Amino acid sequence: MKTVLIPTDFKLESIKIIDALVQHQKNEIFNIIFVHAFKLSDSITDMLMLSRRSRDYENVSDEFYQQINQAKAKYPTQINNIGIEYFYGSTVAAFKNFIEAFDVECIAYLKGYNFTPINKYSIDPKILTERAGCEVILLNTLTVHANENLIDTKIHETQLQEANS
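The rules behind each value
Residues numbered from 1 in each chain as written. Predicted model: local features only at pLDDT ≥ 70, side-chain atom pairs only at ≥ 80, totals over all residues. Heavy atoms only, no water. Helix = DSSP H or I, 4+ residues; strand = E, 2+ residues; numbered from the N terminus. Buried < 20%, exposed > 50% of the residue type's maximum accessible area, 1.4 Å probe, protein only. Areas by Shrake-Rupley, 256 points an atom, 1.4 Å probe, with all protein chains shown as cover. Core = buried A, V, L, I, M, F, W, Y, C linked by side-chain atoms within 4.5 Å. Contact = heavy atoms within 4.5 Å. Pairing = 2+ DSSP bridges. Axes fitted to C-alpha atoms, helices over the stretch in contact; angles between N-to-C directions. Polar contact = N/O pair within 3.5 Å; in protein donor to acceptor, adjacent residues only side chain to side chain. Phe/Tyr/Trp six-rings, centres within 6.5 Å; stacked < 30°, edge-to-face > 60°.

Here we look at the overall build of the chain
When helices and strands are tallied, the chain shows 6 helices and 5 strands. In the chain, the succession of α and β elements from N to C terminus is β-α-β-α-α-β-α-β-α-β-α. Within the chain, the fraction of its 165 residues that count as buried is 38%. In the structure as shown, the chain presents an accessible area of about 10600 Å², 49% of it carried by carbon and sulfur atoms.

As structure tokens, this is what we get:
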């Protein structure tokens, strides 16, 4: 089982990476962690309230949760778990500890990923992921192939002759 970290700003487009990831590594079972990074505040009050960060989960829309559940249902044999986590800190050492705590094997980005902060403390994850010493893979959603359900369109010989008459 492979744990993959996916930096996100919780836009619905970021869920497309799941299709690309599953098709890129077809024989793998995944634990997927969507993560957003925040730098720590200088305020002592914010530091004391760090364990009560439930308001950060308000940044995640209901549609985001629904699409995560749909992706999990779409790939039941390849996705073991999908979670959402927040990283609080701005040092590579702290980020390495975060990666180690979740047993992350690789970090996945969509090609052309553009970071969008969700609040004033958001930090670009590339600052941390490029120096963390963890494998980083770039995935392209343009190469994702959707399974098609083709309709049987056989025309019987008698129908073909009637149509040609």
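Anyway, onward from the coordinates.
What about the nonpolar core?
Formed by 27 residues in total, the largest nonpolar core has its most connected members in Ile-17, Ile-18, Ile-32, Phe-34, Phe-64 and Ile-82. Of all elements in the fold, only strand E1 (2-7), helix H1 (17-24), strand E2 (30-38), helix H3 (62-74), strand E3 (79-88), strand E4 (106-110) and strand E5 (135-139) reach the threshold of two or more residues within this core. Residue contributions to this core peak at 5 residues, all from H1. Residue contacts for Ile-32: discarding those within four places in its chain leaves Val-4, Ile-6, Ile-18, Leu-21, Ile-79, Asn-81, Ile-82 and Gly-83. Grouped together as the second largest cluster of nonpolar side chains are 17 residues, Ile-99, Val-104, Tyr-113 and Cys-134 included.

Overview of unusual backbone geometry
Despite not being glycine, Phe-10 shows a phi value in the positive range, around 65°. Here Phe-10 shows up in the loop between E1 and H1. Located in the positive-phi region is Asp-103, a residue other than glycine, with phi close to 55°. For Asp-103, the location among the structural elements is in the loop between helix H4 (92-101) and E4.

Comments concerning H1
When you tally the buried positions in H1, you get 6 out of 8 residues, the bulk of the element. Residues of H1 that are buried: Ile-17, Ile-18, Asp-19, Ala-20, Leu-21 and Val-22. Lining the buried residues of H1 we find E1, E2, H3, E3, E4 and E5.

Description of the sheet that holds E4
Strand order in the open sheet formed by 5 strands is E3-E2-E1-E4-E5, with parallel pairing between adjacent strands. Each edge of the open sheet carries a strand with a single partner, namely E3 and E5. Within this sheet the neighbouring strands show an average axis-to-axis angle of 30°, counted without direction. Strand contacts of H1: E1, E2, E3, E4 and E5, with the helix running at about 140° to E2, the strand carrying the most contacts. Strands in contact with H4 are E1, E2, E3 and E4; relative to E3, the strand with the most contacts, it is inclined by about 155°.

Observations regarding the side chain of Ser-122
Its place among the elements puts Ser-122 in the loop between E4 and helix H5 (126-129). The class for Ser-122 is buried, based on a relative accessible area of 11%. In this structure the side chain of Ser-122 is engaged in a polar contact, spanning 2.7 Å, whose partner is the side chain of His-36. Sequence-distant contacts of Ser-122, that is, excluding residues within four places in its chain, are made with His-36, Ala-37, Phe-38, Phe-115 and Pro-117.

Let's talk about the packing of aromatic side chains
In total, this model carries 11 aromatic pairs according to the counting rule given. Look at Phe-38 and Tyr-88: their rings are 5.6 Å apart centre to centre, the planes differ by 15°, and that puts the pair in the stacked class. A residue pair is termed long-range when its members are at least 10 positions apart, and Phe-38 in strand E2 and Tyr-88 in strand E3 qualify at 50 residues. The class of Phe-38 is buried, set by a relative accessible area of 1%. An aromatic cluster of three or more residues is present, and its members are Phe-10, Phe-34, Phe-38, Phe-64, Tyr-86 and Tyr-88.

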